[in-house]
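Fold and contact review
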Amino acid sequence: MPNKTAKTVAKATGSKATASKVAASKVAPSKTAAKAAAPKTAAPKTAASKAAVATKPVVAAKPAVKPVAAAPRVEEPKKPLTQRQGFKTNEFVVYPAHGVGQILAIEEQEIAGARLELFVINFMKDKMTLRVPTAKVANVGMRKLSEPVLVKKALETLKGRARVKRTMWSRRAQEYEAKINSGDIVAIAEVVRDLYRSESQPEQSYSERQLYEAALDRLSREIAVVQHVTETEAVKEIESQLAKSPRRGAKTEAEVEADGEADADADGDDATVADEAA
């Protein structure tokens, strides 16, 4: 009996102790719960941190940037052209249909929607300005001035004997005109030689005189520019060479008749031209 009582007392004592532990565990919060339950205290701001906040620059909102319009492009003035097709400005050239002229400029023009480069050629004696496409100079026969050697050959030609064909004057006149407009200085000298009349020779008809003066003018102008003399001095030199040509002897009856027919044909051509002009 005593042992059972002691065991019962011990069990009761043990249960009480266990109950007290459980109660204590309920009363004493765990460390984790204490940490969780503990209110968070904000760390006090120091003066340095306040100053840092106060000195932080305030970035203003960037205004919308408007696109800047591009400045208008200013085209640089083109340099004037000075040389094309082997010809340059201020150079004297020979244009077959008009003789000696001077290139004043090389300019660009728009003609019928196409841009063309043109030689501006001035013929001072004729008071005329001509514009020739640079790409057409070969077709029209424009050339540089003759070399001094070729000029000397033309002057030598003047001293030769005149060669007059026994054909109708109208046909001969066409041949003379073709030579004058060929631009060949030697061919022009041949026309001057063939149509020249000295004081002892019969006078020329009107049409002969016109062709002679046209050929003489073309020849003297080119010689003057090449030799850097005046046209008057060039004409004197030409006439001095013509004076050295062998004089024509007495004409035979056949030659007189041929010349008479030539003069009649020349007068008839002149009358026809006058009628057409009227």
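Quick note: structure is the one above.
Here's a quick rundown of the structure. Source: prediction; values computed, not measured. (Residues numbered from 1 in each chain as written. Predicted model: local features only at pLDDT ≥ 70, side-chain atom pairs only at ≥ 80, totals over all residues. Heavy atoms only, no water.)

**Focus on the overall build of the protein chain**
Formally: Starting at the N terminus, helices and strands are each numbered in turn, a helix being any DSSP run of H or I of at least four residues and a strand any DSSP run of E of at least two. Here, residues are in contact when the closest pair of their heavy atoms is within 4.5 Å. Note on areas: these come from Shrake-Rupley sampling with a 1.4 Å probe, and a residue is covered only by the protein chains present in the view.
When helices and strands are tallied, the protein chain shows 10 helices and 7 strands. Taking all contacts inside the protein chain whose residues are at least 6 apart in sequence as the whole, residues at least 24 apart take part in 57%. Element-wise, carbon and sulfur atoms account for 57% of the exposed surface of the protein chain, whose accessible area totals about 20,100 Å².

**Description of the packing of aromatic side chains**
For clarity, the cut-off: Two rings from Phe, Tyr or Trp (for Trp, the six-membered ring) form a pair when their centres are within 6.5 Å of each other. A pair whose planes differ by under 30 degrees is stacked, one over 60 is edge-to-face, and the rest are tilted. Burial classes follow relative accessibility: with a 1.4 Å probe on protein chains only, a residue under 20% of its type's maximum area counts as buried, one over 50% as exposed, and anything between as partly exposed.
Counted according to the given criterion, the structure contains 4 aromatic pairs. For the ring pair Tyr-95 and Phe-123, a centre distance of 6.4 Å and an interplane angle of 70° mean the geometry is edge-to-face. Here Tyr-95 is found in strand β3 (residues 92–95), whereas its partner Phe-123 is found in strand β5 (residues 114–123), with 28 residues between them in sequence. Of the two residues examined, Tyr-95 and Phe-123, each falls in the buried class. Where Tyr-196 meets Tyr-212, the ring centres are 6.4 Å apart and the plane angle is 40°; that geometry is what we call tilted. Of the two residues, Tyr-196 is situated in the loop between α7 (185–195) and α8 (206–227) and Tyr-212 in helix α8; the sequence distance between them amounts to 16 residues.

**Things to note about empty space enclosed by the protein**
This is how it is decided: The rule is simple: put a 1 Å grid over the protein atoms alone, call a set of points where a 1.4 Å probe fits but cannot get out a cavity, call an open set with protein on both sides within 12 Å along at least five of seven lines a pocket, and count a residue as lining if it has an atom within 4 Å of a point. Grid points are joined across faces, edges and corners, and a volume is the space filled by probe spheres set on the points.
Enumeration over the complete set of coordinates arrives at 1 cavity of 30 Å³ or more. By volume, the largest cavity amounts to about 50 Å³. Lining the largest cavity are Val-94, Tyr-95, Pro-96, Gly-99, Val-100, Arg-143, Ile-180, Gly-183, Ile-188, Arg-218 and Glu-222. Of all the secondary-structure elements, those providing two or more residues to the lining of the largest cavity are β3, β4 (99–111) and α8.

**Here we look at the packing of α7 against α8**
Note the following rule: Every angle, taken between N-to-C directions, lies between 0 and 180 degrees, and every axis is a line fitted to C-alpha atoms, over only the stretch in contact when it is a helix. Angles are sorted into four bins: roughly parallel if under 35 degrees, roughly antiparallel if over 145, roughly perpendicular if 65 to 115, and oblique for all others. Each crossing gets its hand from how the near helix is turned against the far one by less than a right angle, where anticlockwise is left-handed and clockwise is right-handed. Asp, Glu, Lys and Arg are counted as charged, while Ala, Val, Leu, Ile, Met, Phe, Trp, Tyr, Cys and Pro are counted as nonpolar; the rest, among them Gly, fall into the polar class.
At a minimum axis distance of 9 Å, the contact between α7 and α8 shows a crossing angle of 140°. With respect to α8, the element α7 is oriented oblique. The hand of the α7/α8 crossing is left-handed. Residues Ile-185, Ile-188, Ala-189, Val-191, Val-192 and Leu-195 of α7 touch α8, and the partners they reach there are Glu-208, Leu-211, Tyr-212, Ala-215, Leu-216, Arg-218, Leu-219 and Glu-222. The class makeup of the residues in the contact of α7 with α8 is 11 nonpolar, no polar and 3 charged.

**Considerations on helix α5 (residues 148–157)**
In an α-helix, one full turn covers 3.6 residues, which means residues spaced three or four apart are oriented alike. Spelled out, the test is: Here the arc refers to the directions that run from the helix axis out to each C-beta atom.
By the burial criterion, the buried members of α5 are Val-151, Ala-154, Leu-155 and Thr-157. Projected down its long axis, α5 carries its buried residues within an arc of 155°, all on one side. Turned more than 90 degrees off the buried face of α5, the exposed positions are Val-149, Lys-152 and Lys-153. Residues of α5 that are buried make contact with α7, α8 and α9 (231–243).

**Re the packing of α5 against α8**
A packed helix pair is summarised by two numbers, namely the angle formed by the two axes and the spacing between the axes. With their axes 11 Å apart at the nearest point, α5 and α8 run at an angle of 140° to one another. As far as their axial angle goes, α8 and α5 are oblique. The crossing of α5 and α8 is left-handed. From α5, Pro-148, Val-151, Ala-154 and Leu-155 reach across to α8, where they touch Leu-219, Ile-223, Val-226 and Gln-227. Here the residues of the contact of α5 with α8 sort into 7 nonpolar, 1 polar and no charged.

**Quick word on the pattern of salt bridges**
Let me state the cut-off plainly: Salt bridge, as used here: a side-chain nitrogen of Lys or Arg that lies within 4 Å of a carboxyl oxygen of Asp or Glu.
Inspection of the entire model under this criterion finds 16 salt bridges. Note that Glu-190 is salt-bridged to Lys-179, the shortest N-O span being 2.9 Å. One end of the pair, Glu-190, is in helix α7; the other, Lys-179, is in helix α6 (residues 169–180), with 11 residues separating them in the sequence. For Glu-213, the salt bridge is made with Arg-209, and the minimal N-O distance between the two is 3.1 Å. One end of the pair is Glu-213 and the other is Arg-209, both in helix α8 and 4 residues apart, which spans about a single turn. Glu-213 sits in the partly exposed class, given a relative accessible area of 41%.

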